[in-house]
Each structure stands twice: as C-alpha cells, then as structure tokens.
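One letter stands for each residue in the lines below.
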Amino acid sequence: MPTFASLKREWLANPRGDILAGIVVALALIPEAIGFSIIAGVDPRVGLYASFSIAVIIALVGGRPGMISAATAAVAVVVVPLVRDHGVEYLFAATVLMGILQLVAGFLRLNLLMQYVSRSVITGFVNALAILIFMAQLPELTGVALMTYVLVAAGLAVIYLLPRLTRAVPSPLIAIIILTIVVFYAGLDVRTVGDMGELPSTLPSFLIPDVPFTVETLQIIFPYSLTMAAVGLLESMMTAQIVDDLTDTPSDKQREMKGQGIANFVTGFFGGMGGCAMIGQSVINVKSGGFTRLSTLVAGVFLLFLLLVLGPVVAVIPMAALVAVMIMVSIGTFSWRSIRNIRHHPWQSSVVMLATVVITVWTHDLAQGVLAGVILSGLFFAGKVKRLFTVESALSDDGGTRTYRLSGQIFFASAERFVEAFDFKEVVDRVVIDVSDAHFWDISAVGTLDKAILKFRREGTQVQITGLNEASASMIERFAMHDKPGADAALSGH
C-alpha cells in the first residue's frame, strides 16, 4: 500500500510547476486530439473525450508520474479500416477489448520484454518521433500566408528567449497567450483551433457499445484490438523509458501496462477511442516543469474545462502558436548527440539506430521501426557472440588421443563453426571434447554435438565429453540423442 510520503512525492512534490505544465499540455492536446479523430474518420469529440478520460485515469493508476497519455496517431491509424467498414460503435468495442488485452499483458509481465530493446533502438525511436512530430506540423506551414510564418517565428522566439529572463511561468504557455491576443485584436486571417473542427460542449456520458454481442463481432474487433494494444503498450513503454531518462527517476512499467489497460477499458464506455502515452506531450510536460501525477491530472481536467467553459476562447487560439510549441518539442526530443556519435560508436549500433529512424519515418509506424531495430540488434549480438567461440586442439604424445578445448557460447549461430572445428578423418583411437569453458544454450547446440559424436563413432573413434557445467549437462541429458538406442538411425533420418 502507498504511504503518505510516497503519495506526497507522487502528487504534491511540485504543485505550482505541475499545474502550469498541465495547462500547457491541455492546450496542446486539443488540436492533436482533433487531428487524430480526423485520421480515424470519427467525430472530433471521440478523440477529445478519449484524451480527457485517459489522462485522468492514467494519472491515478499509471506507473510513470509525469507521463502524458491520451488519444494518439499510432492507434488512430490502426482503426481507420474498422471505422470505415463497421462504424464508430465497433471502435468503442475494440477499445474496451484493447484495455482487457493490455491488462492481461500487465499481469503476464510482458513489460520485461523492454529488456531486449537496446539503447540504439531507443535513440532511433526518439529521433524518428522527433522527425514525425515536425512532419506533422508541415500541413500548417504549407500553402499559408506569410503572417503564419511570422507568428511561428515569434512564438519560437518567446519560447526560447523568455526563460533567459524568467522561468516563473512556462514559456510555451506565454507564447500561446501572446499570439492569441495578437491574432484576436489585430483580426489576422490565420487558421485557428476552431477551424480544426467543432469543439464539444457537454460532458461525455456512459454508454455500452451498440454492437451485437456475438462471436462474429469478436472476430471483427479482435485483430484491431490486439494491434491497438501492442502498439499502445510499445509506445507507452518506450515513452516511459524516455521520461525516466529525462527526470532521472524510475518507473513501474508493469503498473503502467495495467494502467493503460484500465484507462482504455473505461474510455471505450465513454465514447472515446484508444490511446497510449504521448512522447511529444510528455516532453512538453517535463520541459514545462511537470514531474508528478498532478501534472497529468491537471492536463486531463483542464482539457475538459477548456472545452466546456472556455470553448469560445480556445477556438480563437492560432494554430501557429501550437505549431511553434510542437517544433520546440521536436527540437528538444531529437538526440543531437547521436549524430556526432555515429563516428565514434560501433558501426553496428549506428546501423541499428539509423534503421530504426528510417523505417519508422518511412512507414509512419513506430512499432515497425522498433521491431526492425530489435531484430537487427539481435542479429548483430548473435554475430558478436558467435565470433567469441574458439576451439583449440592437442594430440597426445602417443598419437592416440586428440583433445579439443572449446570456449565460448554454443548456440544456433555458432553451431556450424562447432562442427567445422573437428577433423573427422583424422585417424585416432579417442577424441576428448573439453567444454569446461563453453556453454550449450539451445537444442541447436545439442543437435550439433550429437552430429559430431556420431560422425566420430562412424569413423571408429571413441568420444568423451568432459567439463560440462550443470545447465549444459541438464540440457544434453534431456535432448541429446547420441547416447540413446537407435541414435544413428534417428539422426540419419532427421
């Protein structure tokens, strides 16, 4: 159970900074939530209600204080065919099922899979996301009047120069306020938040998705829910790791997984689409001084307050102000040091990082980019371990015994080198295979040992294995064939 000290640390350690940061995030969430709704082909209210619901719930049950979760593009892209072919009610049902799957993943501790994501993949993920955030602003910067560029430049100037004078209030918030006042009183003809779509004016209401409760419905929504859950958890776990690094504090990723599941499960019953952690908004929050759960809660609550009470004011906020904030996020998110490190880091690490960036930006799919990076990392690691495998041999003084001393890791990647290390045609009475400094990892390694022993036996040579450690001996005892009746026939048939 949480103690009073831990609750105070997670909620009230930084109230002023958290409240101001939450306000900035809420303002930035509105156009993004509307944009994601448009991507998914649903009413803007679906994305806005989802952002409110997910942010508030994750503030209460999530495992990474200060991280912002809401409706996201990664999930919106997945559900486009579902909404187009079956309607928005199936989206709500899929969101509920998405939450259930994420809860199951949390109880299964699938967060531990993050251990296999290398630093190069995380760096590539961050850089790709920074590029995608910037690219997402391009529609607001193409085919527009010169005044839009002036406003964006002015917004960036305020964001970067104001902190030199004072850090009492987050500079992105001041930039939004100043540009809104200028546009409103000068009557400038530029795009505003109101141009993105109609803002809701009522509270979200509880509803059960209006779909048939049949196996056929489950067959329709399950593939979408599974993809939504996987993409959402992947992005959330990666974002949690990045916020961990930014704040130099740990997070409970298993709790975050369960929290994402609860948030999406509840959101589906309130007319919202699925969502996950948002790295852009999370970076805005941290850079603006938000570190605890209070900042996430304020972002969700103030978002609803803006929509219900200050809707007419929010509608006149120029998009140029929010574009300036997002460009700041893009610049701050990108790991500029990684460009310099390309020359100094091992080439394999640089290839993994660049491949993650290129594939993510090319496909606009963070999951594909990360998956490609993880696979490449695994291949490079296997190749490196394979090269560490060595074999030395010595012939006895009487010429009757050949001893092979193996060191390193024997697994599927090094299995071929293991077999090639032996001279099966050498005429000796006995062969000793000393594996005191080696380890057998998988059935491929055991199968290779079987092959080597049986080849020696066919040449009339006795074989002795020495130095097996306990784990290797246990695996060989369970899976090896060379010491079982009919081994020659079984392996020849195989």
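Criteria and cut-off values
- Residues numbered from 1 in each chain as written.
- Predicted model: local features only at pLDDT ≥ 70, side-chain atom pairs only at ≥ 80, totals over all residues.
- Heavy atoms only, no water.
- Helix = DSSP H or I, 4+ residues; strand = E, 2+ residues; numbered from the N terminus.
- Rg over C-alpha atoms; globule rule 2.2 N^0.38 Å.
- Buried < 20%, exposed > 50% of the residue type's maximum accessible area, 1.4 Å probe, protein only.
- Salt bridge = Lys/Arg side-chain N within 4 Å of Asp/Glu carboxyl O.
- Axes fitted to C-alpha atoms, helices over the stretch in contact; angles between N-to-C directions.
- Parallel < 35°, antiparallel > 145°, perpendicular 65-115°, else oblique.
- Left-handed = near helix turned anticlockwise from the far one by under 90°.
- Contact = heavy atoms within 4.5 Å.
- Nonpolar A, V, L, I, M, F, W, Y, C, P; charged D, E, K, R; others polar.
- 1 Å grid on protein atoms, 1.4 Å probe; cavity = no way out; pocket = protein on both sides within 12 Å on 5 of 7 lines; lining within 4 Å.
- Points joined across faces, edges and corners; volume = space filled by probe spheres on them.
- Patch = residues over 30% accessible without salt bridge, like charges linked within 9 Å, V, L, I, M, F, W, Y side chains within 5 Å.
- Areas by Shrake-Rupley, 256 points an atom, 1.4 Å probe, with all protein chains shown as cover.
- Core = buried A, V, L, I, M, F, W, Y, C linked by side-chain atoms within 4.5 Å.
- Expected span 1.5 Å × (residues − 1).
- Bend = angle between axes of the 7 residues up to and from the residue.

(A) Region of interest: the overall build of the chain. A count of helical and extended segments in the chain gives 22 helices and 6 strands. The globule rule puts the C-alpha radius of gyration for 494 residues at 23 Å, and the 29 Å found for the chain is more than 25% above it. Projected onto its principal axes, the C-alpha positions of the chain cover 100 × 55 × 50 Å. Per-residue burial for the chain yields a buried fraction of 52% across its 494 residues.

(B) View of the pattern of salt bridges. Summed over all chains, the structure comprises 9 salt bridges. Here R64 and D244 are joined by a salt bridge, their closest N and O atoms 2.6 Å apart. Of this pair, R64 sits in the loop between α3 (44-61) and β1 (69-71) while D244 sits in helix α10 (residues 215-247), and the two are 180 residues apart along the sequence. D244 matches R64 in its accessibility class, with the two residues each being buried. Ionic pairing is found between E426 and R402, a salt bridge with its closest N-O pair at 2.6 Å. Residue E426 is located in the loop between α19 (415-420) and β5 (430-440), and its partner R402 is located in strand β4 (residues 401-410); the two are separated by 24 residues in the primary sequence. Per residue, the accessibility class of E426 equals that of R402, and both read buried. Taken together, the shared-partner salt bridges connect R64, D244 and K253 into one network.

(C) Molecular detail of the packing of helix α7 (residues 119-137) against helix α17 (residues 347-363). One way to put it is that α7 packs onto α17 with a least axis distance of 8 Å and a crossing angle of 30 degrees. By the criterion of interaxial angle, the relationship of α7 to α17 is roughly parallel. Two packed elements cross with a definite hand, and for α7 against α17 that hand is right-handed. Of the residues in α17, those in contact with S120, V121, T123, G124, F125, N127, A128, I131, L132 and M135 of α7 are S349, V352, M353, T356, V357, T360 and V361. Of the residues contributing to the contact of α7 with α17, the split by class is 10 nonpolar, 7 polar and no charged.

(D) Focus on the layout of surface pockets. As a volume, the largest pocket reaches approximately 980 Å³. Along its surface, the largest pocket is lined by 37 residues, and F36, I39, A73, L132 and A136 are the ones closest to its centre. Elements that contribute at least two residues to the lining of the largest pocket include exactly α2 (15-40), α4 (73-78), α7, α10, α12 (279-287), α15 (319-333) and α18 (366-387). If you add up the space inside the second largest pocket, you get close to 630 Å³. Surrounding the second largest pocket, 24 residues form its lining, L110, L113, A230, L233 and L234 being those nearest its centre.

(E) Representation of a nonpolar patch on the surface. On the surface, a nonpolar cluster with roughly 600 Å² of combined accessible area is contributed by I100, V104, L108, L110, L113 and Y116. Summarising the element assignment, I100 is placed in helix α6 (residues 88-107).

(F) Quick peek at the nonpolar core. Judged by nonpolar contacts, the single largest core of 104 residues is most densely connected at I30, F125, V152, M238, M273 and I284. Residue contributions to this core peak at 13 residues, all from α2. Filtering out sequence-adjacent residues up to four positions away, I284 remains in contact with V24, V25, A28, V325, M326 and V329. L406, F418, F422 and M475 belong to the second largest nonpolar core, which has 23 residues in total.

(G) Expanded view of α15. Between its terminal C-alpha atoms α15 stretches 21 Å, which fits the 21 Å expected from 15 residues at 1.5 Å a residue. Counting buried residues along α15, 13 of its 15 residues qualify, which places the element largely inside the surrounding structure.

(H) Structural context of α2. A rise of 1.5 Å per residue sets the reference length of α2, with its 26 residues, at 38 Å; its end C-alpha atoms lie 35 Å apart and thus fit the reference within 8%. Of all bends in α2, the biggest is about 30 degrees, found at L29, and the proline P31 comes one to four residues later. Counting buried positions along α2 gives 21 out of 26 residues, so the element sits mostly inside the fold. Immediately downstream of α2, the backbone of G41 shows phi near 80 degrees, a positive value.

Geometry only, nothing functional implied.
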